4 protein chains.
Amino acid sequence: MSSTGRHSHVFLTVLFCLVMVSALSGQTRDEPRIPDIPGYVTLKCDFHTHTVFSDGSVWPTVRVDEAWREGLDVIAITDHLEYQPHKKDVAVDHNRPYELARSRAASLGLILVRGTEITRRMPPGHFNALFIEDAAALDKPEFLDAVEAAVSQGAFILWNHPGWKGQQPDGVSRWYDIHTTLLEKGWLHGIETVNSVEYYPAVQDWCLEKDLTMVGNSDIHAPTFLSFDFAGGEHRAMTLVFAEERTREAVRDAMFAGRTAIYFKQMVIGKQEYLEPLARGCFTLRHGPARISGTGSCNLWLTNTSDIPLYFETDGEDPLVSGPESLSLPPRSTVLFRIAAREDHRSGTFDIRLPYRLTNFKTAGAASLRTEIHVSVTLTE
Amino acid sequence: MSSTGRHSHVFLTVLFCLVMVSALSGQTRDEPRIPDIPGYVTLKCDFHTHTVFSDGSVWPTVRVDEAWREGLDVIAITDHLEYQPHKKDVAVDHNRPYELARSRAASLGLILVRGTEITRRMPPGHFNALFIEDAAALDKPEFLDAVEAAVSQGAFILWNHPGWKGQQPDGVSRWYDIHTTLLEKGWLHGIETVNSVEYYPAVQDWCLEKDLTMVGNSDIHAPTFLSFDFAGGEHRAMTLVFAEERTREAVRDAMFAGRTAIYFKQMVIGKQEYLEPLARGCFTLRHGPARISGTGSCNLWLTNTSDIPLYFETDGEDPLVSGPESLSLPPRSTVLFRIAAREDHRSGTFDIRLPYRLTNFKTAGAASLRTEIHVSVTLTE
Amino acid sequence: MSSTGRHSHVFLTVLFCLVMVSALSGQTRDEPRIPDIPGYVTLKCDFHTHTVFSDGSVWPTVRVDEAWREGLDVIAITDHLEYQPHKKDVAVDHNRPYELARSRAASLGLILVRGTEITRRMPPGHFNALFIEDAAALDKPEFLDAVEAAVSQGAFILWNHPGWKGQQPDGVSRWYDIHTTLLEKGWLHGIETVNSVEYYPAVQDWCLEKDLTMVGNSDIHAPTFLSFDFAGGEHRAMTLVFAEERTREAVRDAMFAGRTAIYFKQMVIGKQEYLEPLARGCFTLRHGPARISGTGSCNLWLTNTSDIPLYFETDGEDPLVSGPESLSLPPRSTVLFRIAAREDHRSGTFDIRLPYRLTNFKTAGAASLRTEIHVSVTLTE
Amino acid sequence: MSSTGRHSHVFLTVLFCLVMVSALSGQTRDEPRIPDIPGYVTLKCDFHTHTVFSDGSVWPTVRVDEAWREGLDVIAITDHLEYQPHKKDVAVDHNRPYELARSRAASLGLILVRGTEITRRMPPGHFNALFIEDAAALDKPEFLDAVEAAVSQGAFILWNHPGWKGQQPDGVSRWYDIHTTLLEKGWLHGIETVNSVEYYPAVQDWCLEKDLTMVGNSDIHAPTFLSFDFAGGEHRAMTLVFAEERTREAVRDAMFAGRTAIYFKQMVIGKQEYLEPLARGCFTLRHGPARISGTGSCNLWLTNTSDIPLYFETDGEDPLVSGPESLSLPPRSTVLFRIAAREDHRSGTFDIRLPYRLTNFKTAGAASLRTEIHVSVTLTE
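Residues numbered from 1 in each chain as written. Chains lettered and ligands numbered in written order. Predicted model: local features only at pLDDT ≥ 70, side-chain atom pairs only at ≥ 80, totals over all residues. Heavy atoms only, no water.

Undergrad: Would you explain the interface of chain B and chain C in this entry?
TA: Often the size quoted for an interface is simply the accessible area lost on bringing the parts together. Between chain B and chain C, the residue contacts involve 23 residues of the former and 23 residues of the latter. Interface area, chain B with chain C, both sides summed: about 2,000 Å², of which 53% is carbon and sulfur. The tally of links from chain B across to chain C stands at two salt bridges. A salt bridge links C:E31 to B:R286, with the nearest nitrogen and oxygen atoms 2.8 Å apart. Along the contact surface separating chain B from chain C lie 11 residue pairs in polar contact (both at pLDDT 80 or more). Sorting the residues of the side of chain B that touches chain C by element identifies α3 (96-108), β14 (297-304) and β18 (334-341) of chain B as the ones contributing at least two each. Ranked by residues supplied to the side of chain B that touches chain C, first place goes to β18(B) with three residues. (Contact = heavy atoms within 4.5 Å. Buried area = accessible area lost by both parts, 1.4 Å probe. Salt bridge = Lys/Arg side-chain N within 4 Å of Asp/Glu carboxyl O. Polar contact = N/O pair within 3.5 Å; in protein donor to acceptor, adjacent residues only side chain to side chain. Helix = DSSP H or I, 4+ residues; strand = E, 2+ residues; numbered from the N terminus.)

Okay, here's the thing in structure tokens:
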């Protein structure tokens, strides 16, 4: 064998490492600016992604790199247990995606959750088992056996895309007996209220009624770049988890406790109790205090400190002062907030809470979140 | 087996197809605007890409989708023959990437070139065999046997990244005896003058001396989104092929005939004979004819109709008229082009060719391309 | 007087010229790409702008610089005749804005139209007199006398913003007797169908009924930058004039002949006869001819070559082939255009015209423009 | 007089107010994110702007609207006292620009500083008198009389653009006897180290030697939109004033105390004592503490929380740990910060301060600012 015919394993390993290291060098992480809420850090999570190990089109490490690039803190790779269209080329090993991605996640400072997708016809549909130890142990013919195997590992069981047109051609989410069975056994912990590009408002109400965790995921198969126009401001659907600290265990605790919201397109979806402090953390009124003489008006600056757009609409009247009927604040923007004194007002300094709704923050019944803009106003004659 | 335990193959095939079809729906193709030249269409090509079938991190179809999205016309998938770091998980089959990507390319209207990368220590280094019929036939221990097998299939043989620091730690491209052997046998047809983020000016001159084709490729392993800041205007390195028509055969003919240039970062690199008409196709002077009285001046509009920025610097004097010393035209922009009459000029209407260099168009010796701006001027006293 | 106390006029003139010359150096012109139509060049025009010489806030030259920067070809400065809120500081001279801006326009290659705004209560409202010779001659107490003075100079008389809430608080455009008088005298030639951020569909129909020219203008008072988010893709309202050549006389002829359309936000508004060829000039189908076997499908590339977005919706069926129900093409984009063969079709090659509507091209009654996508398809069994 | 001939003053006032109110409605303020420093708020100021009342091209209110839009906190309008090229059209009144702009500034929450520009040949050149009470009192034939009149009003005297090519064709800033006279009298308080697009490093050193305040201004004449490509990330030159509170008096105090820096293109220019805390406020290291075993490495996240880009270059070695040689952080970005343990290190947890320079932060002699990146590292064998 000539010298040009030989190629040492050492050389090739070096080559490979060069490629691995350089993938994110010079890249920046685009973090959507979303505030923490009192007592918790807000972590950006995607609990539903695929790789070449089922019907996705990327290597597991790509899911980690993309997540770091897009500003996520936590991801799960959840390849299908029962659906392996690449099996002619890619050996079936349900634990392999996690194993291949684990060190990359650790190196980038991301939390990787081990998971898998139990993939059945509707009913029951598809379910992610999250925070498991061994995905292969879930590969059982009977659906309930698979779920039991997951639960015995401490899994969080998530019902995926109940209204997906691939399984519900009319787009209607339906609750079947099997779901009651799961609920009664304590084997159902959350439902995807948002999956990919779909939002199921009816499911949001199910979660409130049945005390289940609301989750929103990308269910991404292709590289995210081929699915979202990042330059145009698009982002993948994600779950905001309000965790006590930035650890996998704290994420798991928050998921079981239902401390989540969903960031989907320009919307935030979730329970009133989490949306309220989240919204309050997004905006601030500046450069007051306000002073108005007579029935005049004055301007303050209203700043959106977050990357979530804020669409305010007035939701009632204050007896002393009126604010604008509606206001749109793009991400990280400041606009003028003009308040006017009503006729025949008293003089003095008042702490006023102008009532508004945020039309893109969706609580029970897909209703707009009520919020207030606090302003201290000094009125004179 | 319960009904929820069964899942028909038909159902899963439908699921898979939904995913496949939707990957590019709603996506737009971002075509860099690069003009055709007289007699040829200008095709944007990348002849060096990797997938999970060697050390890349995407499924072969992703290379096609990305290429369509980024505005390419032609790609080759060139997985390493001898380097298979994923072989524990992905079965080795050198023809498989092409077979998996072929129908997707046809569906999207892209030309897919079958290729592979012969991967050896330096010397001789790495070589792409392009336009082949059977990659597996090239998997031979002796380097020259591998090349011969390629040539016997009609391959275009491309020497990859001769100055790559993975093989030449000082970054210097070196010509070894084995390369002379290849050249003398007629087994070497082109060299990567640009690979990934590297440009080798010395190699550009080799190509001119030895009548080899200049090629620029991305050598991409990760999804392109993780390597380029598209929103910031970055693009992958690509070869511009001047082909008689938009067919694989015409691309192959152009490659063997050396009708190429390289579009790399903000540069165009190539032979004078192709850069000249390409540059002339990029700009146009508008809203004349110009009229100047005395030693006054007038403005015309200079428009860059392409997506290649144009950096003009004056390269000599015209006896009648002076133009600006330098001018920068961002992609698709129009700027004012001010010309002034010199003292003691004659009166009359003159066809003037103001001499300029385009500092980002690189010909032999990495010199800036000479070009002219034609302007018809009427001078009066 | 000490040497530091003196300052020569020559020095100050040099200073002034430096400022004037440098204002647009290095600036690029952002031309919206809008196609010509057969027989005519498409000129981008704004016939309604203000300066400090009435209630605007910029010097007349700024209107020229802005217009060049934003890609316009023609502007008129139309300061109010009767409304001079700055007269305490700025001397009243109705011809002065034109005189101050004229040489700048000539230097930049823009066409400057002399105009003024006759400013009365509703009825009759506000009217621009365009292509006049002497604005001061129109400063007459009686409205009809002012119009007559304009007409005697060959003016094009434009009724401005008939539905403006400053004069019609309910936003309804109303036709009064005085407008009939003007029309019967031949003293009314066009109406603003679009003014600033308002579109009056009823006025569009008036123009069709009464054979008046449709015009859209910015009516800009502040610098345009303070009114439009250019970075976000906004543009000022403008009139597209289909002129025989790029001269003021040809623009005037086209205006009197009614050869116009309006480019407003993402809409094009006008007569069917001009919108049809304009739309056809905006898109092209590429990389065919299409071949379909059986009831399969194939993709072509549909390219929007313009900066006007194109929103297609299907408007009927072809017996052989179906296309997508709807398609959105952002500016200068390419998308996949998938066509499918219907069942039981004949074999052969067919020239097919798939019927669509462009929902952002508004003809009579604000209806969407009908258009067709031509495709040559070869169908086999 | 017919009814259409009359137009009431009331109507026109309403019209005018509508225009005034709407100018910034819906507009957002683009605030460059620049941190406060301990003990002070950082205010963004431009102390040199022009209007139609000298050789500028906008109405005084436009300067206020632009400043609000571009995120400034403080501006001065400083029209030339002795240079009035518009006087044929605009009545000369040196106090008028301030009077016209005052209420707009108050309404928008901006601080407007009354000023004027004493405009003489070089020497002495041009000087801004800032924080004055009456600009007209400075209109005196003798330069020193003009300065004395300003000083008697408590003015801050700023020497403008000492190296401006309009007065120093070779671009060299020269110190003349008259400047020594000013300095000795206590009549010179600051110098423009940056004016418009020019930076004078020599002047920066003058300021340090002579204890003068460094100031950077736009000296804008045209609308800012015609001078800067905001969409491309450009911004006007501005002075960062470190004030005790957001009031005019506090700004004046800070100016006299020399508490300033200059934000110019991608640079920050100023005294070490202010640049140090400003730089430290711009970045933060996240998601540690770092743990390294053996001679391995680990990644932390380095975040630029500001809108100033940060260009780090290593400036020395730490005996235990090495960091990257250079790092570029675009505005509001996060990158990976990889640290590696050196050979033969001790085990333990160490507080390490890696020495860097910020190449775009310019201190005395235009040298790059020294800074440190603090990292707590636990090293094990």
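On we go from here.
Undergrad: What am I meant to see in the pairing of strand β15 (residues 310-314) of chain D here?
TA: Side chains on a regular strand alternate between the two faces of the sheet. Residues and elements named next belong to chain D. In terms of strand pairing, β15 meets strand β17 (residues 326-329) through four bridges, oriented antiparallel. Each bridged residue has a counterpart across the sheet, and for Y311 the counterpart in β17 is S328. In terms of strand pairing, β15 meets strand β19 (residues 348-363) through three bridges, oriented antiparallel. Counterpart to T314 in the pairing with β19 is Y356. (Pairing = 2+ DSSP bridges.)

Undergrad: Is there a simple way to explain the confidence of the model for chain A in this structure?
TA: Caution applies to low-pLDDT parts of the model: their predicted coordinates are not meant to be read in detail. Scored by pLDDT, chain A has a mean of 93; 93% of the residues are at 70 or more. Ignoring residues within four places in sequence, the model shows residues 1-22 of chain A, a span with pLDDT below 50, making 34 contacts including any to other chains. (pLDDT = per-residue confidence, 0-100.)

Undergrad: Help me out: how do you make sense of the domain arrangement of chain A in this one?
TA: Residue and element names in this part refer to chain A. Domain assignment breaks chain A into domain 1 (29-277) and domain 2 (282-380). The gap between the C-alpha centroids of domain 1 and domain 2 is 37 Å. Contacts between the two partners involve 19 residues from domain 1 and, on the opposite side, 17 residues from domain 2. Inspection of the region where domain 1 meets domain 2 yields zero salt bridges. When residues of the side of domain 1 that touches domain 2 are traced back to their parent elements, those giving at least two are α6 (201-210), β11 (267-270) and α8 (272-280). Per-class residue counts for the side of domain 1 that touches domain 2 are 11 nonpolar, four polar and four charged. (Domains from an automatic or database assignment. Nonpolar A, V, L, I, M, F, W, Y, C, P; charged D, E, K, R; others polar.)

Undergrad: I would appreciate a short explanation of helix α7 (residues 248-257) of chain C in the present structure.
TA: It helps to recall that an α-helix has 3.6 residues per turn; residues three or four apart then point in one direction. Residue and element names in this part refer to chain C. Taken together, the buried positions of α7 are A250, V251, A254 and M255. Along the axis of α7, the buried positions cluster into a sector of 140°, meaning they face one direction only. Just beyond α7, the residue with positive phi is G258, at close to 75°. (Buried < 20%, exposed > 50% of the residue type's maximum accessible area, 1.4 Å probe, protein only. Arc of directions from axis to C-beta.)

Undergrad: Please explain the relation of the copies chain B and chain C as it appears in this structure.
TA: The two chain copies are related to each other by a rotation about an axis together with a translation along it. The transformation that overlays chain B on chain C combines an axial shift of 0.0 Å with a rotation of 180°, and the residual RMSD is 0.0 Å. On this basis, the relationship between the two copies can be described by a two-fold rotation axis. Closest approach to the rotation axis among the C-alpha atoms of chain B is made by B:R332, whose C-alpha sits 5.7 Å away. (Least-squares fit on C-alpha atoms with pLDDT ≥ 70 in both.)

Undergrad: Is there a simple way to think about the arrangement of the chains in this case?
TA: Spatially, chain A is disjoint from chain C: no contact exists, and the shortest C-alpha separation is 10 Å. With respect to C-alpha atoms, chain B approaches chain D no nearer than 10 Å, and the pair has no contact.

Undergrad: Would you mind showing me how to read the sheet that holds strand β12 (residues 283-286) of chain B here?
TA: Either a parallel or an antiparallel arrangement is found when strands of a sheet pair, and the pairing is made through backbone hydrogen bonds. All names here are of chain B. Across the sheet, four strands lie side by side as β12-β14-β18-β16; this open sheet has antiparallel pairing. Edge positions in the sheet fall to β12 and β16 (321-322), since each has one partner strand and no second. Pairing between β14 and β18: seven bridges, direction antiparallel. Counted as the bridge partner of L302 is V335 from β18.

Undergrad: Sorry if this is basic, but what is going on with the packing of aromatic side chains here?
TA: We describe a pair of aromatic rings using the distance from one ring centre to the other and the angle between the two ring planes. Inspection of every chain in the model, using the stated rule, returns 66 aromatic pairs over all chains. For the ring pair C:F283 and C:F312, a centre distance of 5.1 Å and an interplane angle of 85° mean the geometry is edge-to-face. Here C:F283, found in strand β12 (residues 283-286), pairs with C:F312, found in strand β15 (residues 310-314); they are 29 residues apart in sequence, far enough to count as distant. Between D:F127 and D:W159, the ring centres sit 6.1 Å apart and the planes meet at 10°, which makes this aromatic pair stacked. With D:F127 in strand β4 (residues 126-130) and D:W159 in strand β5 (residues 156-159), this residue pair connects regions lying 32 residues apart in the sequence. D:F127 gets classed as buried once you look at its relative accessible area, which sits at 0%. Taking the relative accessible area as the measure of exposure, D:W159 reaches 0% and is therefore buried. Within the aromatic cluster, the residues linked to one another by ring pairs are A:F225, A:F228, A:F230, B:F225, B:F228 and B:F230. Between A:K210 and the ring centre of A:W175, over which it is positioned, the NZ or CZ distance is 4.2 Å. (Phe/Tyr/Trp six-rings, centres within 6.5 Å; stacked < 30°, edge-to-face > 60°. Lys NZ or Arg CZ within 6 Å of the ring centre and 35° of its normal.)

Undergrad: How should I be thinking about unusual backbone geometry in this particular structure?
TA: Residues other than glycine predominantly adopt negative phi, and peptide bonds predominantly adopt the trans conformation. Residue A:P123 is bonded to the preceding A:M122 through a cis peptide linkage, with omega at -15°. Structurally, the position occupied by A:P123 is in the loop between β3 (111-119) and β4 (126-130). In this model, C:F131 sits at a positive phi of 65°, which is unusual for a non-glycine residue. Relative to the elements of secondary structure, C:F131 occurs in the loop between β4 (126-130) and α4 (143-151). Phi angles above zero are rare outside glycine, and D:K265 is one such case at about 50°.

Undergrad: Help me understand helix α2 (residues 60-70) of chain B in this model?
TA: Residues and elements named next belong to chain B. α2 sits mainly inside the fold: 11 of its 11 residues count as buried. Of all the positions in α2, only P60, T61, V62, R63, V64, D65, E66, A67, W68, R69 and E70 are classed as buried. G71 sits one or two residues past α2 and shows a positive phi near 90°.

Undergrad: Would you explain the pattern of salt bridges in this entry?
TA: As a working rule, side chains carrying opposite charge can pair if their charged atoms are close by. What the rule picks out here adds up to 80 salt bridges over all chains. C:D65 serves as the salt-bridge partner of C:R104, at 2.8 Å between the closest nitrogen and oxygen. On the criterion of sequence distance, the pair formed by C:R104 in helix α3 (residues 96-108) and C:D65 in helix α2 (residues 60-69) is long-range, its members being 39 residues apart. With respect to burial, C:R104 and C:D65 carry one shared label: buried. In this structure, D:D315 engages D:R357 in a salt bridge whose closest nitrogen and oxygen atoms are separated by 3.1 Å. Taken together, the residues span a long stretch of sequence, with D:D315 in the loop between β15 and β16 (321-322) and D:R357 in strand β19 at a distance of 42 residues. The class of D:R357 is partly exposed, set by a relative accessible area of 23%.

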